[in-house]
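Given next are the chains, with one letter for each unit.
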Amino acid sequence: MRQEIKKSRNQNIKDLAELQEFARKFALEMRAGEVYGFSGDLGAGKTTLIQMIGRELGITVPMTSPTFVFRKEYAVNKSINQEIKKSRGQDIGRLIHIDAYRIESGNAEDLGELRESDALTFIEWPERIEKILPPGAKRISIEILKDESRKIVLT
Amino acid sequence: MRVLGIETSCDESAISLVTTESGRVRVLKSLVSSQIEIHKKYGGVVPEVAARQHVQVLAALMRESGITSSDVDTIAVTSGPGLVTALRVGIDFAKALAWAWKKPLVGVNHIEGHIYANWITREISVPAPSFPALCLIVSGGHTELLLMRGHGIYERLGETLDDAVGEAFDKTAKLLGLPYPGGPQISKLAESGNSARYDFPRPMMGEPGLDFSYSGLKTSVRVTVQEIKKTTNQEITGIMLPDLCASFQAAAIEPLVKKTERALRAHEEIECLTLAGGVSANKLLRGELAQLSAEYQLPLFMPDLQFTGDNAAMIAAAGCFRAEEASLEAWKNVTANPGSRLGV
């Protein structure tokens, strides 16, 4: 029990400005080769959070919903990548945005490689592809509280 | 010129034969086999199931069509955007035919196909869309305003920054507990609903420019549904559902119409208005655009209802205007491009 608590982190978010601040700090922790699963109900703000993190990583084109095509990839801006390299000692070449919303569990070659050494992978609706999630994938769940604020749980 | 079209980018396997006359396209044959019944079971498209079905269905459709080598001058196949495994099935099929029949082959963008559905007509005497044409593209994966300056020449004026409008319809339907595919269900229920009952936001209307956003609207519907459930202590039933659908539909359609008008004002050189994509079957949208085109005295082209969804006639139609790019060697190098985009 104690270990569970230590491993997971919670944060309450009351508006978009707070979500933006969370995205900024969270983006700093991220490293190439990592896989993040984003859970939350329809309308919880998964895509919004991913877009905010994407902007922190220098993605300037619109990051549109991958629901329909399952997977979209974005190159990380080179000059931003220099800064990323300075602060993290490592590059992030690409951002891979996957959405498993329309996929039946665990049968999904169309999603492509989920973990790539030069890329960060963000997966929406990871619970729908639990069986094929790479080991060590980090989980972010966005819970909608009664007053419409959000609780973010990282595990 | 007669063009064979092959389409397998998502749910539908389709084959069509069209011919060009006076700059317009006449459909000789169009066969579509939908997988919606299969995907209903899963609440969405399952790529591997889609690919397997396309393989089985394409050969059967081809036999059923009775089309032979001597009927065809050129072959056009959807090369993207879409699901990569599904696209590959159609492309491999088209390549095999092109090789065996020694016919030129050309890869066609699926969205361009939707636009060219507006060139299909039974009345060859009606003139084709003239350029520059403003194209409003509305589907499950796309919401875009394109300025089409000539055949194959596109300038992107605006697009969605997050969800596509068709996706907003489908996800809202899911929130309201409607079965897949939910978009058409919403439109149907909306007909008997009061669109002023719930005040949903019109996203991006206050922003300058021609971009769209639909993820916030979905969230707003969710919040409203929660509130209704809390205050009435019951599920969404009876008249609430048509009112919710009508209110949502009004909020989803209004930005499309207003941004289209804004584009018309910003580009006075526009000669006509064309609508394309699966959501172009939506009655409210068709009605509002008809009003807009009358107001601006511009011809409006909307695809015949049978060609609003995915089909191969539109791919063949686009192929008619891409025929000079078709080559006998293309069976070696046409490849699936799942993320391809139209315009710059």
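To be clear, the structure that these remarks concern was listed above.
Described below are features of the structure shown in this document. Note that the structure is a prediction, hence the values are computed from the model and not measured.

Moving on: the overall build of chain B. Looking only at helices and strands, chain B features eleven helices and ten strands. For 344 residues, the compact-globule estimate of 2.2 N^0.38 gives 20 Å, and the C-alpha radius of gyration of chain B, at 20 Å, lies within 12% of that figure. On the principal axes, the C-alpha backbone points of chain B span a range of 70 × 50 × 30 Å. The long-range share in chain B, meaning contacts at least 24 apart out of those at least 6 apart in sequence, stands at 76%.

Turning our attention to helix α9 (residues 283-295) of chain B. The first and last C-alpha atoms of α9 of chain B sit 18 Å apart over 13 residues, in line with the 18 Å expected at 1.5 Å per residue. One or two residues past the end of α9 of chain B sits Gln-297 of chain B, with phi positive at roughly 50 degrees.

As a further point, take the packing of helix α8 (residues 240-266) of chain B against α9 of chain B. All names here are of chain B. It is the contact of α8 with α9, at a shortest axis distance of 10 Å, that shows an interaxial angle of 30 degrees. Here α8 is positioned roughly parallel relative to α9, judged by the angle of their axes. In this structure, the crossing between α8 and α9 has a hand that is right-handed. Between α8 and α9, the contacting residues are Gln-249, Ile-253, Leu-256, Val-257, Thr-260 and Glu-261 on the first element and Leu-284, Leu-285, Glu-288, Leu-289 and Leu-292 on the second. Considering only residue class, the contact of α8 with α9 consists of seven nonpolar, two polar and two charged.

Residues and elements named next belong to chain B. Ranked by size, the top nonpolar core spans 138 residues in total, and within it Val-77, Leu-105, Ala-316 and Ala-317 carry the most contacts. Among the elements that make up this core, the one with the highest residue count is α8 (eleven residues). Each of domain 1 (2-120 + 306-333) and domain 2 (133-302) gives at least three residues to this core. Ignoring any residue separated from it by four or fewer positions in sequence, one finds Ala-316 in contact with Val-3, Leu-4, Gly-5, Ser-16, Leu-17, Val-18 and Ala-76.

Right, let's talk about the packing of helix α5 (residues 165-175) of chain B against helix α6 (residues 182-190) of chain B for a bit. All names here are of chain B. Between α5 and α6, the shortest axis-to-axis distance is 7 Å and the interhelical angle comes to 80 degrees. Considering the angle they form, α5 stands roughly perpendicular to α6. Note on element contacts: α6 touches α5 through Gly-182, Gly-183, Gln-185 and Ile-186, opposite Gly-166, Phe-169, Asp-170, Thr-172, Ala-173 and Lys-174. Along the lines of polarity and charge, the residues of the contact of α5 with α6 split into three nonpolar, five polar and two charged.

Parameters at a glance
- Residues numbered from 1 in each chain as written.
- Chains lettered and ligands numbered in written order.
- Predicted model: local features only at pLDDT ≥ 70, side-chain atom pairs only at ≥ 80, totals over all residues.
- Helix = DSSP H or I, 4+ residues; strand = E, 2+ residues; numbered from the N terminus.
- Rg over C-alpha atoms; globule rule 2.2 N^0.38 Å.
- Contact = placed C-beta atoms within 7 Å.
- Expected span 1.5 Å × (residues − 1).
- Axes fitted to C-alpha atoms, helices over the stretch in contact; angles between N-to-C directions.
- Parallel < 35°, antiparallel > 145°, perpendicular 65-115°, else oblique.
- Left-handed = near helix turned anticlockwise from the far one by under 90°.
- Nonpolar A, V, L, I, M, F, W, Y, C, P; charged D, E, K, R; others polar.
- Core = buried A, V, L, I, M, F, W, Y, C linked by C-beta atoms within 7 Å.
- Buried ≥ 20, exposed ≤ 12 C-beta atoms within 10 Å, placed from the backbone.
- Domains from an automatic or database assignment.

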